[in-house]
Amino acid sequence: MKLGQLETPCLVLDESRLERNVARMRAHLDALGVSLRPHLKTAKSIDVARRVLRALDDPITVSTLKEAEYFLGHGVRDILYAVGVTPNKFGHIADLRKRGARLAVILDNLDAARAVAAHARASADRIPVLIEIDCDGHRSGIVPGDPDLVEVGRTLADGGCELRGVMTHAGSSYNCESVAAIKAMALQERDAVVTAANTLRAAGLPCPVVSVGSTPTATYAENLAGVTEVRAGVFMFFDLVMAGLQVCTIEDIALSVLASVIGHQREKGWIIVDAGWMAMSRDRGTAKQKLDQGYGVVCDTYGKPYPDLIMVDANQEHGVVALRPGTRAALPELPLGAQLRILPNHACATGAQHQAYQLVRGDGDAISASWPRIGGW
Ligand SMILES: Cc1ncc(COP(=O)(O)O)c(C=O)c1O
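What counts as what
- Residues numbered from 1 in each chain as written.
- Predicted model: local features only at pLDDT ≥ 70, side-chain atom pairs only at ≥ 80, totals over all residues.
- Heavy atoms only, no water.
- Near = heavy atom within 4 Å.
- Polar contact = N/O pair within 3.5 Å; in protein donor to acceptor, adjacent residues only side chain to side chain.
- Nonpolar A, V, L, I, M, F, W, Y, C, P; charged D, E, K, R; others polar.
- Helix = DSSP H or I, 4+ residues; strand = E, 2+ residues; numbered from the N terminus.
- Contact = heavy atoms within 4.5 Å.
- Core = buried A, V, L, I, M, F, W, Y, C linked by side-chain atoms within 4.5 Å.
- Buried < 20%, exposed > 50% of the residue type's maximum accessible area, 1.4 Å probe, protein only.
- Domains from an automatic or database assignment.
- Buried area = accessible area lost by both parts, 1.4 Å probe.
- Pairing = 2+ DSSP bridges.

*Asks:* Which residues make up the site of the ligand, and what are the values?
*Replies:* For the ligand, the set of nearby residues contains 14 residues, the closest of which are Arg139, Tyr174, Thr215, Arg231 and Gly233. Contacts to the ligand include Arg139, whose side-chain N or O atom sits 3.0 Å from an oxygen atom. Measuring from a nitrogen atom of the ligand, one finds a side-chain N or O atom of Arg231 at 3.0 Å. A breakdown of the residues in the shell around the ligand according to their chemical character gives five nonpolar, six polar and three charged.

*Asks:* Before we move on, could you go through the environment of Gly213 and cite the residues and values that matter?
*Replies:* Looking at the secondary structure, you find Gly213 in the loop between strand E8 (209-212) and helix H8 (215-220). Apart from the residues within four sequence positions on either side, Gly213 is in contact with Thr168, His169, Ala170, Glu189 and Arg231.

*Asks:* Just give me the short version of the nonpolar core, but keep the residues and values in it.
*Replies:* With 116 residues, the main nonpolar core has Leu13, Val48, Ile131, Val166, Phe237 and Tyr357 as its most contacted residues. For this core, the element with the most residues is helix H7 (residues 179-202), which contributes nine residues. Of the residues that make up this core, three or more belong to each of domain 1 (3-10 + 247-372) and domain 2 (17-235).

*Asks:* Any details on the domain arrangement of the chain? Residues and values, ideally.
*Replies:* Size of an interface, as often reported, equals the accessible area lost when the parts are brought together. According to the domain assignment, the chain contains domain 1 (3-10 + 247-372) and domain 2 (17-235). Each of domain 1 and domain 2 has a C-alpha centre, and the two are 33 Å apart. Taken together, the contacts link 15 residues of domain 1 with 23 residues of domain 2. Surface buried jointly by domain 1 and domain 2 totals about 1,500 Å² across both partners, of which 49% is contributed by carbon and sulfur atoms. When residues of domain 1 are sorted by the area they lose upon contact with domain 2, Val247, Asp252 and Trp371 head the list and together hold 40% of the total.

*Asks:* Hey, could you go over the environment of Ala232 for me, with residue numbers and the actual values?
*Replies:* Tracing the sequence through the fold places Ala232 in the loop between strand E9 (229-230) and helix H9 (240-244). The residues touching Ala232, leaving out its near neighbours within four places in the chain, are Met25, Leu36, Arg37, Pro38, His39, Thr215 and Ala218.

*Asks:* Can you break down unusual backbone geometry residue by residue, with the values?
*Replies:* In the segment running from Thr8 into Pro9, the intervening peptide bond is cis, with an omega of 0°. Positive phi, close to 65°, is recorded for Gln246, a residue that is not glycine. Tracing the backbone through its elements, the reader meets Gln246 in the loop between H9 and strand E10 (255-265).

*Asks:* An account of the sheet that holds strand E2 (residues 35-36) is needed here, citing residue identities and associated values.
*Replies:* A sheet is described by the order of its strands in space; here eight strands give the open sequence E2-E9-E8-E7-E6-E5-E4-E3, paired in parallel fashion. Since the sheet does not close on itself, it has two edges, and those belong to E2 and strand E3 (60-62), each with one partner. Pairing between E8 and E9: two bridges, direction parallel. The residue bridging Ser211 from the neighbouring strand is Glu229, located in E9.

Structure, rendered in structure tokens:
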């Protein structure tokens, strides 16, 4: 089967770029002496996981219990569920743990700590818990100097849980405007979580795991002393937001949406394709970057970008492809049915719109496999 035979729109994954991205991140983290706990929320696919993990016994991170369920079903057991836990999930977590998942959870407040501890006692299950630390004011977490940190730690450790450590996610790195700023953010991320770990230890509490992670900070971290593991996800595929941050190049982006030309509005300079926001997602992450890529960068069937050709607008199932304003490039002549590959702003969001990856290698157009992916909760 060739790309040209596929019905569009569909999701294409370049396996050679995937392998290269994974090898680069692994080599970087190996050199820094920390382990990788890949975040599989981007991929949601066991076939991708097999290219990222060295063995099924390796640790992973997930963003939903459905992912935990799915990866456990494929033999992956060391799982961190990295979204703050709530009591309505305790039953599912207990079930996954009974079925052999070494599932750990995160939380960032006393109410959650008390609830998890009460559940651990009632079910005689020492649930491993990481305390989420706020390293950048981006989202959730306890700031390292907050007295709640030790109180949460003690509530867990004395309450029947396994206090496994601390974790943080430098989500602000997605808004950095230079590589120097990402490097500074990586230091800030590390310092916050290491300080929190030391605070817990000074209070006599255990803290074996010190976990950080975002693709920009993982990519540019230069010193991870005191950190034990890195969680990164989008690095496997990369996307235009990461390219805009200089975390990768356009040539590293492994994911694209295959689309077909369905018509033209020549007087407007538009090429209309059969991939709209349903196929690309509504994510406009590059809108706030220096180079706005619209809904995606348009490439030929083999993945080579056309100069300054982007998807400027999207309806549900229609994409409007046009030249970037101000460019001197010429609009390519693309007849009805011509296939294009569109690189996404945000790989996690675009992937979530699809049920499978069609695998290609490099600039070839042969489909070597179709890998299913999961969605939902
Ligand atoms: C808790 C947590 N850890 C790690 C990551 C990985 O970040 P990235 O996709 O930038 O690698 C995320 C991403 O949202 C996250 O929420």
